[in-house]
Amino acid sequence: MEWSRRQVLQAGVSAAVARPWKVLMAQQTNDPLPSERVARFENMAFGMFLHFGLYSKLGRGEWVMHQERIPRDEYMKLMATWDVPAFSGRAVGRLCNEAGAKYATMTSRHHDGFSLYDTHGLCPWDVTKTPAGRDIVRDFVDGCRAEGVVPMLYHTTLDWSDPRFENDWKGYQQYLRDSVKIICSQYGPLGGIWFDGNWSKRDADWELDALYAIVRKHQPEAMLINNTGIEEGGRLVHREIDAVTFERGRPEPIHRKGMAKYVAGEMCHTCNFHWGTGARDVNFLSPGAAIEELCRSRGAGANLLLNLGPLGDGSLPEYESALFRVMGKWIRMHGGDQGPIYNGRVRPIRGDGDDFGLFADGALYLFVFGITATGDTRATGVQPRGPGDRPFTGIPSQYTKATWMDSGESLKLEHGPDGRTVLGVTGYPYGTNTVVRVAKLTES
């Protein structure tokens, strides 16, 4: 089923994202072709993950109930003071726009069993029974759409609070399906449904056919994603899945030859070592590291879903917000909506180390890492390679002109008889450092 123009606009899909995928995609002839929804998803490239819930009040991460063995009834007392006046879906959408994140995925229910949506009596632990008195999922999806950002919803499949999860498996599966039906039928067109938790009982019958049928019935154009966890990144576990996941790892290119359908990839990463806000955690990713994660993900053909945890009052955290804005600045320096981050597609172009190439609109884009000769090596123990010749393989000989996207400077490009091409990498001018530098290659 193809989205109507009205549905596309309601979901916040921009005209650039909604362009026909046959124009955007240049797949190998022996690969399956992507569906419309998968092509849209790949072209969005970068999303914001939001983990928000009762745990946000405690500020000790989203697993605090489990890690500190807090009894359910004691934990749920947090509902009595859960007022989040600063939460705004519009603010989420505005930050996404500043960051260049085309979609946002928020937890509608996490593993603690508390729901940020009106469960209509299905669950005793939902946002309508708190001082907040409003449907946070409604605020989120409406706010994102108003800002032109595609809303997606995360929903846990495991539950630390509902006794049926341990004592009545069939009853719990029905409860899970009834919950998912609510989020799929009450909030308009969604870009995706993101499940998480099947890794908690790997040998259980999660009745996935019935669960996924609900998504397909009520959200036929939504991406269907189910996180495989850290240990099994990139594993395809069900025929209905639209994107495999890589959690805090290094995404690998998906080899689609022989697959029954085309699946995308998505790497979810957080700015520290947990997903919900941590009031006493100051160990964050740097903006430069986040930019490298985005580039590496795109080099593998995967999207990056980067997390921040709203604070206890619902406001967006200062540092992570600034980090997202720096990423947006980098993206705009490299073509913005028309640049290789969104439109680039994987080709067998590789350099040494992390260096790689993408193809978009007739041009090649070489992503070059480790140019900063004065970089601090204490964190990684690896000396940056600095300026100089960088070899690449897989570049056709008709590409003879190379320029830096951040400055327009012309670069040496030499094709050798051994199939290698050498790019003459120049250093940054004093006062400039874009972390990953991108050279655009064109034909003369």
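Scroll up to find the structure this text is about.
Keep in mind that this is a model prediction, so the values were computed, not measured. (Residues numbered from 1 in each chain as written. Predicted model: local features only at pLDDT ≥ 70, side-chain atom pairs only at ≥ 80, totals over all residues. Heavy atoms only, no water.)

K.L.:
Break down the pairing of strand β2 (residues 103-109) for me, citing the residues and quoting the values.
P.N.:
Buried residues dominate β2, accounting for 7 of its 7 residues. Bridge count between strand β1 (residues 46-50) and β2: 4 bridges; the pairing is parallel. Counterpart to Phe49 in the pairing with β2 is Thr105. Across 6 bridges, the pairing between β2 and strand β3 (residues 150-156) is parallel. Considered in β3, the bridge of Arg109 is made with His155. Running through helix α8 (residues 136-146), the crossover from β2 to the neighbouring parallel element β3 is right-handed. (Buried < 20%, exposed > 50% of the residue type's maximum accessible area, 1.4 Å probe, protein only. Helix = DSSP H or I, 4+ residues; strand = E, 2+ residues; numbered from the N terminus. Pairing = 2+ DSSP bridges. Right-handed = clockwise from strand over helix to strand, strands pointing away.)

K.L.:
Break down the packing of helix α12 (residues 287-299) against helix α13 (residues 318-333) for me, with residues and values.
P.N.:
For any two helices packed against each other, one specifies the crossing angle of their axes together with the interaxial distance. Running from N to C, α12 and α13 point in directions that differ by 55°, and their axes come no closer than 9 Å. The angle between α12 and α13 places the two elements in the oblique class. Seen from above, α12 lies across α13 with right-handed handedness. The segment α12 lies against α13, with Pro287, Ala290, Ile291, Leu294 and Cys295 engaging Tyr319, Leu323, Val326, Met327, Trp330 and Ile331. (Axes fitted to C-alpha atoms, helices over the stretch in contact; angles between N-to-C directions. Parallel < 35°, antiparallel > 145°, perpendicular 65-115°, else oblique. Left-handed = near helix turned anticlockwise from the far one by under 90°. Contact = heavy atoms within 4.5 Å.)

K.L.:
Help me get a handle on the sheet that holds strand β9 (residues 345-351), residues and values and all.
P.N.:
With antiparallel pairing, 9 strands are arranged side by side in an open sheet as β14-β13-β17-β11-β10-β9-β12-β16-β15. In the strand order of this sheet, the two ends are held by β14 (410-411) and β15 (413-415), each with one partner.

K.L.:
How would you explain the packing of aromatic side chains if you had to name every residue and give the values?
P.N.:
Enumeration over the complete set of coordinates arrives at 21 aromatic pairs. Plain terms: the ring middles of Phe165 and Tyr172 are 5.1 Å apart, the flat faces sit at 85° to each other, and that makes the pair edge-to-face. Of the two residues examined, Phe165 and Tyr172, each falls in the buried class. For the ring pair Phe356 and Phe369, a centre distance of 6.3 Å and an interplane angle of 45° mean the geometry is tilted. Of the two residues, Phe356 is situated in strand β10 (residues 356-360) and Phe369 in the loop between β11 (363-368) and β12 (388-393); the sequence distance between them amounts to 13 residues. Using a relative accessible area of 2% as the deciding quantity, one classes Phe356 as buried. A network of ring pairs unites the aromatic residues Phe165, Trp169, Tyr172, Tyr175 and Trp206 as a single cluster. Above the ring of Tyr342, the side-chain terminus of Lys102 is found at 4.9 Å from the ring centroid. We note Lys201 situated over the ring of Phe165; from NZ or CZ to the ring centre the distance is 4.4 Å. (Phe/Tyr/Trp six-rings, centres within 6.5 Å; stacked < 30°, edge-to-face > 60°. Lys NZ or Arg CZ within 6 Å of the ring centre and 35° of its normal.)

K.L.:
Describe α12, naming the residues involved and giving the relevant values.
P.N.:
For α12, built from 13 residues, the straight-helix expectation of 18 Å at 1.5 Å per residue is met to within 8% by its first-to-last C-alpha distance of 18 Å. Counting buried residues in α12 gives 10 out of 13 residues, a clear majority hidden from the surface. Considered for burial, the residues of α12 that qualify are Gly288, Ala290, Ile291, Glu293, Leu294, Cys295, Arg296, Ser297, Arg298 and Gly299. Two residues or fewer past α12, Gly301 is found with a positive phi of approximately 80°. (Expected span 1.5 Å × (residues − 1).)

K.L.:
Please provide a residue-by-residue account of the nonpolar core, values included.
P.N.:
The biggest cluster of nonpolar side chains holds 89 residues, and the ones touching the most others in it are Phe46, Met48, Trp82, Phe140, Leu306 and Phe367. Among residues more than four places away in sequence, those in contact with Phe46 are Ala99, Gly100, Ala101, Lys102, Tyr103, Leu294, Leu304, Leu306, Phe324, Met327 and Ile331. (Core = buried A, V, L, I, M, F, W, Y, C linked by side-chain atoms within 4.5 Å.)

K.L.:
Before we move on, could you go through α8 and cite the residues and values that matter?
P.N.:
Along α8, the positions that sit buried rather than exposed are Ile136, Val137, Phe140, Val141, Gly143, Cys144 and Arg145. Put simply, Asp135 is the residue that caps the front of α8, since its side-chain oxygen is 3.1 Å from the backbone nitrogen of Val137. Of the residues flanking the end of α8, it is Gly148, one or two places downstream, whose phi is positive at about 80°. (Polar contact = N/O pair within 3.5 Å; in protein donor to acceptor, adjacent residues only side chain to side chain.)

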